[in-house]
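A look at the structure
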Amino acid sequence: MLRIISFYLFLCGSISFAQIGVDPPEISATGDQYYCPGDKLPVVTDFDLSTEEGAITEFFIQVSSGYQFGSDFLELTGSHDNITWSFNQNTAKLTLSSIDNNPLDLEVIIEAVKSVVFYSTNENIQGERFFSFTLGDANFLPSTGHYYEYVPDIGITWTLARAAAEARTYYGIPGYLATITSAEEAQLSGEQADGAGWIGGSDEELEGTWKWVTGPEAGTVFWIGDMNGSAPNGEFAFWNNGEPNNLGDEDYAHITAPNVGITGSWNDLSVTGEPSGDYQPKGYIVEYGYNDPDDAPIFSAFTRAYTNVIDSVFSGSNCGPGKVELRATVIEYEDQTDKTEVYWFDSEEGENPVFIGDTFEVDLSESKDFYVLASQNGCAKGARKVVSARIFEIPEINKEVTLKNCDQDEDPTDGFTDFNLEEANELIPLDNAEDQPLTFSYYLTEDEANQGINALDPFPFNSRTSSLVFGRAESEEGCFDIASVFLEVSATQPVEIVNLESCDTDDVNDGLVRFDLTEATNQILIQLPPQDLRVQYYRTLDDATLEQNEIIPQDDYVNEDPYFQTLFVRVESVNNGECISLGEFVELYVFPLPEFDLLSETVYCQNVGPFEISISNPDGDYSYEWRNDSDELISNEGVALIQSPGVYKVVGMSAEGCVSKERTLVVEESSIASITQDDIEVIDGGENNSIRIDPSNLGIGDYEYALDNQFGPYQDEPFFDGVLPGIHTVFVRDKNGCGIASIEVSVIGYPKFFTPNGDGYNDTWQVLGVSFQPMSDIYIFNKFGKLLAELDASGEGWDGIFNGKQLPSADYWYRVQLEDGRIHTGHFSLIRR
């Protein structure tokens, strides 16, 4: 138990009190105390210091472990001759100094130390605080027995810092670049140090494998990888955000500048660091200690203050008014002097505890919150935790209920049938009870119901097993009460079957349609004695018997078997739930709508006149109604006479009175073309002859055109070029099928030669296509202009004979005056072979 801590300090080494003729000092500090939040607590209960007179001008007291920046403070109280004091919040160190720099009297120092107090502004403070007492200004950490000193040296390299640290001693204890292996060591050597600088870690040997290379921990790997790496074997590491990042071959560990990221954390730097700024080395951290802690003299003493807090709380509850057990446990620290008590308060601000102890049993009629505090010596301050004592209501239920069912099974006369025990779920709660969610279970015996064991399968449960079961109604909080559930079986009264019929009027002709089952309700009720009855509909007998899977809502049911389905009906008393009638009493019929095909559009040809149109592929024997666009009835058969263009509508009607969806026939008007020579333009007599048709006067149809072949190919363009001379036929076809019109067209042309040799080919010369202009004049000349022949436009042409003699092969000339007034001249060749 840490009651008194005394250290007798024997100084040795190259720098020591002994070397200047001063006897070794002795420091004795006592104090292991409970800290009551908000109080000021002396850091020692007793303190003594002995050394040669004139040896001391400064003395240091530090919060060396557990320090909370901004809320933890040390303060010198009272008046003390020749002593001034200061507290550094960054290092958590209080310095007692001589006002005139002359050595301090030991008794003055002793009394001053006894007057130093610790306090915290955090009203919820918890944990331990260790206070170290030293003659030197190095930080002392009780858990390691080592000293830590920041040495400023701007721009020093890691290599030089390592050598400098190893050359330093502290009262004879050897130094080295600090190796930081715990959070409290990191806080004291980093966060509570006077500055930031080098420490003894490096991955120079193998990139990404960080190890301590100084002090007793030399060779210990504490980190593997970059910023996303990890500490092996539970080693401690305290890298800053995004570190280590190896920017520019950074192989050495460094405590980061205070204003960068996490205070006291580490970053990696190159051996020289940056030339200026936050990543320029400002010094190094020296740790003083021996490889074997038993070899190390300790030139300090320390004491401890602690504040316990509640570790865990355990709320309690009870069903209905009664006793509730509440518990709480305390976090206690090793070797603390006294046991910590749990104080119970009935309000968060209460000053006087209503109970002291770990377990509090309280008798309550309603729920209440209590507050607990870990305390010693009557301290009623600090962090409190709430502990809830809950009084839950026992469900308010009907202690006896009756379920009634019709005897509708294989033997409807034996007085036994299947029940759905869950129907009692609605009967057990009291009508005036507040709405509270309950769960229900059922048992053969009341004892099993109380224990909640051997629950029954609620459906189907046959009353032959027992006519009495016990229902357990249980709240979400586990409070329950038991109801007796009596099972009564009554004979059923049959009713005649009710038919509900419908045509399949929805979007799909599939035999499924929506029914309003309430239409059958009145037809069923009029068959039963007048009373207050409820009619329910089900798909199966089991569902109707057990009252499960009821069809609701009743006015919007889509049959599940196409075209025909039977439903089971359950009629029961509204007043007492007695089953009056149960059976397969409703039949649903769905009649399909007539289905048939009809063209969606057709054409009325003016040149043809009225025609008949008929429906096709009917799937039954139907009657029909045809109406024109004046809504006049024009036919009741499957065929109708179309006498004019327009919009016609037809519906089919089945023997059950189902009317098909309306079909619409659009009749467009069209006609065969009416074409004359006035609609034709011919360009002929040259190298490229063409025919153009003017469509503007052809008629109301949609036309296409072919040349010399009524079977096509047809084209939409009314123009043909590259036409050979001669007589041609132009065909005009109505795309709507109203017929083909044609007209002959003459294309004038002049052969370049003829060969009158009697072989049947080109034996005469005649103007091509000229027969359409029989009054044309045609004259033949030789090269001297002598008239050789005058041809008849309707004749076969010139055979190359003049005055009974065959003229020789040569070029001859023609002059043609066409009947339409055009005059053409030119020459051609007579070839004798």
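Computed from a predicted model, the values in this text were never measured in an experiment. (Residues numbered from 1 in each chain as written. Predicted model: local features only at pLDDT ≥ 70, side-chain atom pairs only at ≥ 80, totals over all residues. Heavy atoms only, no water.)

1. Things to note about the pattern of salt bridges
Per the counting criterion, the structure on display carries 27 salt bridges. Between Arg663 and Glu595 there is a salt bridge, with its nearest N and O atoms 3.4 Å apart. With a gap of 68 residues between them, Arg663 in strand β49 (residues 663-670) and Glu595 in the loop between β42 (579-591) and β43 (601-605) connect regions that are remote in the sequence. On the basis of relative accessibility, which here comes to 31%, the residue Glu595 falls in the partly exposed class. (Salt bridge = Lys/Arg side-chain N within 4 Å of Asp/Glu carboxyl O. Helix = DSSP H or I, 4+ residues; strand = E, 2+ residues; numbered from the N terminus. Buried < 20%, exposed > 50% of the residue type's maximum accessible area, 1.4 Å probe, protein only.)

2. Quick notes on the sheet that holds strand β29 (residues 368-375)
The mixed open sheet is built from 5 strands, whose spatial order is β24-β30-β29-β26-β27. Both outer strands of the open sheet, β24 (316-319) and β27 (355-356), are each paired with one neighbouring strand and no more. (Pairing = 2+ DSSP bridges.)

3. Details of the environment of Lys786
Relative to the assigned elements, Lys786 resides in the loop between β57 (777-781) and β58 (787-792). Here the alpha-carbon distance between Lys786 and Trp813, two residues 27 residues apart in the chain, equals 9.6 Å.

4. A closer look at the confidence of the model for the protein chain
Mean pLDDT for the protein chain: 90, with 95% of residues reaching 70 or above. Across residues 1-24, where pLDDT falls below 50, the model places 71 contacts with residues more than four positions away in sequence or in other chains. (pLDDT = per-residue confidence, 0-100. Contact = heavy atoms within 4.5 Å.)

5. Quick word on the sheet that holds strand β54 (residues 726-734)
With respect to topology, 3 strands assemble into an open sheet ordered β52-β54-β55, the strand pairing being antiparallel. Edge positions in the sheet fall to β52 (703-707) and β55 (740-747), since each of these pairs with one other strand and no more. Within this sheet the neighbouring strands show an average axis-to-axis angle of 25°, counted without direction. Sheet analysis places β52 next to β54, joined by 5 bridges and oriented antiparallel. In the strand pairing of β54, Leu707 is matched with Val730. (Axes fitted to C-alpha atoms, helices over the stretch in contact; angles between N-to-C directions.)

6. With respect to the pairing of strand β9 (residues 93-98)
In terms of burial, β9 is largely enclosed, as 6 of its 6 residues are buried. Every second residue of β9 is oriented toward a common face, with Lys93, Thr95 and Ser97 on one face and Leu94, Leu96 and Ser98 on the other, all of them buried. Two elements, strand β6 (residues 58-65) and β9, share 5 bridges in a ladder whose sense is antiparallel. Residue pairing across strands places Gln62 opposite Lys93, the latter belonging to β9. Linking strand β8 (residues 83-88) to β9, which pair antiparallel, is a turn of 4 residues; within it Ala92 sits at a positive phi near 60°.

7. Here's the deal with the packing of aromatic side chains
A complete count under the given rule lists 38 aromatic pairs for this structure. Residues Trp765 and Phe828 carry aromatic rings whose centres are separated by 4.3 Å and whose planes lie at 10° to one another, so their mutual orientation is stacked. With a gap of 63 residues between them, Trp765 in the loop between β56 (753-754) and β57 and Phe828 in strand β62 (residues 823-830) connect regions that are remote in the sequence. You'll find Trp765 and Phe828 in the same group, each marked buried. Between Trp798 and Phe828, the ring centres sit 6.3 Å apart and the planes meet at 75°, which makes this aromatic pair edge-to-face. Taken together, the residues Trp798 in the loop between β58 and β59 (801-802) and Phe828 in strand β62 connect sequence positions 30 residues apart. The pair formed by Trp798 and Phe828 is uniform in burial state, with each residue classed as buried. A connected cluster of aromatic rings, assembled from ring pairs, spans Trp210, Trp212, Phe222, Phe236, Phe238, Trp239 and Trp266. The side chain of Arg472 reaches across the aromatic face of Phe480, ending 3.6 Å from its centre. We note Arg733 situated over the ring of Tyr714; from NZ or CZ to the ring centre the distance is 3.8 Å. (Phe/Tyr/Trp six-rings, centres within 6.5 Å; stacked < 30°, edge-to-face > 60°. Lys NZ or Arg CZ within 6 Å of the ring centre and 35° of its normal.)

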